[in-house]
Amino acid sequence: MVALARKTLVYEWRRFLPAMLAVGFAGLLQLLQIALVLGIFGSTSLYVTGSSADVWVGYPGTQSVGLGRSIDADLQSRLLMDPQVLRVEPYLWVDGDWRGPRETGGASVFVSGIDPAADGLMFSKVLSPTLRARLVEPDAIIVDRSALDQLGIGIGQSATINGQRVRVVGIGTGLRALGGVNVLCSLDTARRLDNDVTDNGPTYLVASLRDPARAATVAARLRGATSFGPYTTWSASDFAQRSVRYWLFDTGAGAGVMFLAGIVFLVGAAITSQTLVAAVNGSIREYATLNALGVGVGALRKVVLEQAFWVGALGLLGASVLGIVLLLLARSQDVPVVLNAPSALACIILVMGLAAVSGLAAMRSLRRADPATLLR
Amino acid sequence: MNTMHSGNLIEPARRPALQAVEVSKAFVSGHQRTQVLDRLSLAIEAAELTLISGPSGCGKSTLLAILSGLQQVDGGQVRALGSELGQLDLRALERFRLQHTGFVFQGFNLFPALSAFEQVELPLNHMGLTRDEARRRARQSLEEVGLGQRMRLRPSELSGGEKQRVAIARALAKQPELLFADEPTSALDAANGQIIIDLLHRIAHSHGTTVLCVSHDPRLVVHADRVLAMEDGRILSDRRNQAPLSDSRGTPS
């Protein structure tokens, strides 16, 4: 079989270049946007992804980690009765108003009260053992390096949260929050900072399991006890996704992503289909000749579709190479970018879908390949 | 395949390969209606080169389009190799053309990206031939048109006359019973035009192909077995140039 589509693409590559660039940039734009959004909003699930707990227990209907309510502390013994559960610890979330030593105005802080024990689950992946140990001191707090200017404070200095004095004993990294500043302290310190009278227990109980792979199953069977007040359970990955999704859609960022995807698709498809139409028109007499010789219209359509496929594939290849370079560059500059398999797959589907739609649009111009017109 | 249908109408041995019966065709543009062909009847014999000549606009290209099944008639019938073309739908017409017809056009209509060999092989791929058979036929017909040494070249590396020979090889490789040529020499100089018409003549005689050529080129007239002069949608004269068919068959020109 003579590979007409591929040979034409190679021989007349200049003709197809605009389409490949359009497809490539459409893919790249979408890829970077998704990576940025996931990077930025990924920090809303830091509390889950930075910790080694497998199951989270919190107030029913909680949409994001920062929006929990207190639950019954006695649940802890209920959880420990499950043979899979290895360790349970409370996690207390307190919204705080920060007043620093320097004039910074008000700053909103998210106080995370955690178990400072060496084998504690919360923030085990982002907090070094020595830093964690310093939280045992009363009123000790740890903040992220990036928040020091925002809070107007340095290590060893004191400030107040909700009117209570705290002292910075350590500086962590990878603790950035969205819409505020994360402050880490011990459970005891956090309870002292909590001035909400309705809080009468931890915001969450987090548990590690003997077999982390069974998180979803265990979470499901820990649900439904009625004697401890309202609560529900999630596997860690479910809860992390829940938080990210809440932020994506609550802030309109998700709608923004979809909107841009639509624009990118339309613009890319317009350019690509026009290029393919021009390529078909450039060979319309040859196509008509083939049809005169009895090669069916279906076979000619396949040639156009195949060209669209290769344009998509080559554009995608270019976008991938450039995208990886740009993502690495962004990482090196501390720009939060995250790319996971589903979003990469979404980009691939978008780009190939764009190419397919363009090919279908270009196929229509084959109608002009009427061999009778060659005889006039 | 369809030879039995009209066997009782005419003597089977001399049944025409192509037949138009009372064919009419008009084109409408705006309110203007132009009658191009008006109740025209015609029979084309197999294994000879028939030339339809006449001034431009006389309807000869339309007649070619109708006889080759590229255009539908308004009235009348067209029979090709025993098939009634008006009865075939678009798919069946494509299939008929694939099996039985070759075309050579005024423009050479070659894909710029393909070598001469690939131009010829491409339509054969769609005929259900094996790869080897398609390649064998492609090589054979390129050799037959004298391009055996130049079949790896692309159109941009070939002269006009060579391009037209590639187009002829492309049609010839299908081993069609019917070969249609529309002004095949008008884009070429005298020497190349001569080569092309000689080739068409030889194909008719050595392959037994019915070659129908439309041209206003007066140089071609002497090379045709039969010349039909056309004007205003009617055939004015019909004359034979050479000895009976049996004499010229198999004789290289």
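Residues numbered from 1 in each chain as written. Chains lettered and ligands numbered in written order. Predicted model: local features only at pLDDT ≥ 70, side-chain atom pairs only at ≥ 80, totals over all residues. Heavy atoms only, no water.

Caption draft 1: Spotlight on the overall build of chain A. Secondary structure assignment for chain A yields 13 helices and nine strands. Against the 2.2 N^0.38 benchmark of 21 Å for 376 residues, chain A shows a C-alpha radius of gyration of 29 Å, more extended than a compact globule. At a minimum sequence separation of 6, the contacts of chain A that also span at least 24 residues come to 80%. Carbon together with sulfur atoms contributes 61% to the accessible area of chain A, which is approximately 17,000 Å² in total. Within chain A, one finds 32 positive and 26 negative side-chain charges whose respective centroids are separated by 14 Å. (Helix = DSSP H or I, 4+ residues; strand = E, 2+ residues; numbered from the N terminus. Rg over C-alpha atoms; globule rule 2.2 N^0.38 Å. Contact = heavy atoms within 4.5 Å. Areas by Shrake-Rupley, 256 points an atom, 1.4 Å probe, with all protein chains shown as cover. Lys, Arg positive; Asp, Glu negative; His and termini not counted. Charge placed at Lys NZ, Arg CZ, Asp CG, Glu CD.)

Caption draft 2: Looking closely at the nonpolar core. Tyr287 of chain A together with Leu67 of chain B are the most contacted members of the largest nonpolar core, which totals 73 residues. With seven residues, the top contributor of residues to this core is helix 10 (residues 253-282) of chain A. Apart from residues no more than four positions distant in its own chain, Leu67 of chain B is found in contact with Leu18, Ala20, Leu42, Val78, Leu85, Phe180 and Leu212 of chain B. Counting residues in each nonpolar core, the second largest holds 39 residues, with Val104, Met151, Ala181 and Ile203 of chain B among its members. (Core = buried A, V, L, I, M, F, W, Y, C linked by side-chain atoms within 4.5 Å. Buried < 20%, exposed > 50% of the residue type's maximum accessible area, 1.4 Å probe, protein only.)

Caption draft 3: Layout of the side chain of Asn182 of chain A. Residue and element names in this part refer to chain A. Checked against the element boundaries, Asn182 lands in strand 7 (residues 181-186). There is a polar contact of 2.7 Å between the side chain of Asn182 and the side chain of Tyr47. Looking at Asn182, its side chain comes within polar contact range of the main-chain oxygen of Leu175, at 2.9 Å. Those residues in contact with Asn182 that lie beyond four places of it in its chain are Leu46, Tyr47, Phe110, Ile142, Val143, Asp144, Leu175, Arg176 and Ala177. (Polar contact = N/O pair within 3.5 Å; in protein donor to acceptor, adjacent residues only side chain to side chain.)

Caption draft 4: Local environment of the packing of helix 10 of chain A against helix 12 (residues 297-332) of chain A. Residue and element names in this part refer to chain A. Running from amino to carboxyl end, helix 10 crosses helix 12 at an angle of 135°, the nearest separation of the two axes being 11 Å. One way to sum up the angle between helix 10 and helix 12 is to call them oblique. As for how helix 10 packs across helix 12, the hand of that crossing is right-handed. The segment helix 10 lies against helix 12, with Thr272, Leu276 and Val280 engaging Val304, Gln307, Ala308 and Val311. Of the residues contributing to the contact of helix 10 with helix 12, the split by class is five nonpolar, two polar and no charged. (Axes fitted to C-alpha atoms, helices over the stretch in contact; angles between N-to-C directions. Parallel < 35°, antiparallel > 145°, perpendicular 65-115°, else oblique. Left-handed = near helix turned anticlockwise from the far one by under 90°. Nonpolar A, V, L, I, M, F, W, Y, C, P; charged D, E, K, R; others polar.)

Caption draft 5: View of unusual backbone geometry. Positive phi, normally seen in glycine, also occurs at Leu81 of chain B, with a value near 50°. When its relative accessible area of 18% is taken as the criterion, Leu81 of chain B is described as buried.

Caption draft 6: Here's a closer look at the interface of chain B and chain A. With 32 residues of chain B at the contact, the number on the chain A side is 26 residues. Buried area between chain B and chain A, both sides added, is near 2,700 Å², and the carbon and sulfur share of it is 65%. Linking chain B with chain A are one salt bridge, by the criterion used here. The residue Lys7 of chain A makes a salt bridge to Glu118 of chain B at a minimum N-O spacing of 2.2 Å. Summed over the shared surface of chain B and chain A, the result is 10 residue pairs in polar contact (both at pLDDT 80 or more). Of all the secondary structure elements, the ones that give two or more residues to the side of chain B that touches chain A are helix 1 (60-67), helix 2 (90-100), strand 6 (101-104), helix 3 (116-125) and helix 5 (160-172) of chain B. In terms of residue count, the dominant contributor to the side of chain B that touches chain A is helix 3 of chain B (five residues). Of the residues assigned to the side of chain B that touches chain A, the class counts are 15 nonpolar, eight polar and nine charged. (Buried area = accessible area lost by both parts, 1.4 Å probe. Salt bridge = Lys/Arg side-chain N within 4 Å of Asp/Glu carboxyl O.)

Caption draft 7: Highlighting the layout of surface pockets. All names here are of chain A. Computed from the structure, the largest pocket encloses a volume of approximately 1,200 Å³. Around the largest pocket, the lining comprises 43 residues; the ones closest to its centre are Val37, Leu38, Gly39, Ile40 and Gly42. Its residues assigned to classes, the lining of the largest pocket comprises 23 nonpolar, 14 polar and six charged. If you count residues domain by domain, the lining of the largest pocket takes at least three from each of domain 1 (2-43 + 252-375) and domain 2 (45-250). (1 Å grid on protein atoms, 1.4 Å probe; cavity = no way out; pocket = protein on both sides within 12 Å on 5 of 7 lines; lining within 4 Å. Points joined across faces, edges and corners; volume = space filled by probe spheres on them. Domains from an automatic or database assignment.)

Caption draft 8: Region of the structure containing the pattern of salt bridges. Residue and element names in this part refer to chain A. For the structure on display, the rule yields 21 salt bridges over all chains. Between Glu89 and Arg87 there is a salt bridge, with its nearest N and O atoms 3.1 Å apart. What makes Glu89 buried here is its relative accessible area of 0%. It is possible to trace a salt-bridge network through shared partners that takes in Arg87, Glu89, Asp115 and Asp119.

Caption draft 9: Spotlight on a nonpolar patch on the surface. Residue and element names in this part refer to chain A. Residues Trp13, Leu17, Leu21, Phe25, Leu322, Leu326 and Leu329 make up a contiguous nonpolar surface patch of about 640 Å² in total accessible area. Contributions of two or more residues to the nonpolar patch are made by helix 2 (13-42) and helix 12. Top contributing element to the nonpolar patch by residue count: helix 2, with four residues. (Patch = residues over 30% accessible without salt bridge, like charges linked within 9 Å, V, L, I, M, F, W, Y side chains within 5 Å.)

Caption draft 10: Structural view of the sheet that holds strand 5 (residues 83-84) of chain B. All names here are of chain B. Strands sit in the order 2-1-4-5 across an open sheet of four strands; the sheet is antiparallel. What marks the edges here is a single partner per strand, and that holds for strand 2 (32-44) and strand 5. With respect to the sheet, helix 1 is in contact with strand 1 (18-29), strand 2 and strand 4 (75-80), its orientation differing from that of strand 2 by roughly 60°. (Pairing = 2+ DSSP bridges.)

Caption draft 11: Representation of the sheet that holds strand 9 (residues 226-231) of chain B. All names here are of chain B. Taking strand neighbours across the sheet as the criterion, the six strands line up as 6-7-8-3-9-10 in an open arrangement whose pairing is mixed. Two strands lie at the open edges of the sheet, namely strand 6 and strand 10 (234-240), each paired on one side alone. The average angle at which neighbouring strand axes cross in this sheet is 15°, direction not considered. Pairing of strand 3 (residues 49-53) with strand 9, which is carried by four bridges, proceeds in the parallel orientation. Each bridged residue has a counterpart across the sheet, and for Ile52 the counterpart in strand 9 is Leu228. Its contacts with the sheet place helix 2 against strand 6 and strand 7 (178-182), and it is angled at close to 80° to strand 6.

Caption draft 12: Examining the packing of aromatic side chains more closely. By the definition in use, this model includes 15 aromatic pairs over all chains. On the basis of an interplanar angle of 15° and a centroid distance of 4.3 Å, the ring pair of Trp234 of chain A and Phe239 of chain A is categorised as stacked. Owing to a relative accessible area of 8%, Trp234 of chain A belongs among the buried residues under this scheme. Ring plane angle 75° and centroid distance 5.3 Å describe the contact between Phe309 of chain A and Trp310 of chain A, whose orientation is recorded as edge-to-face. Given the relative accessible area of 44%, Phe309 of chain A is considered partly exposed. Using a relative accessible area of 29% as the deciding quantity, one classes Trp310 of chain A as partly exposed. Of the aromatic side chains, those joined through ring pairs into one cluster are Tyr47, Trp56, Tyr91, Trp93, Phe110, Phe123, Tyr204, Trp234 and Phe239 of chain A. Geometry around Tyr59 of chain A places Arg69 of chain A over its ring, the cationic atom sitting 5.2 Å from the centre. Between the NZ or CZ atom of Arg152 of chain B and the centre of the ring of Phe117 of chain B, over which it lies, the distance is 4.8 Å. (Phe/Tyr/Trp six-rings, centres within 6.5 Å; stacked < 30°, edge-to-face > 60°. Lys NZ or Arg CZ within 6 Å of the ring centre and 35° of its normal.)

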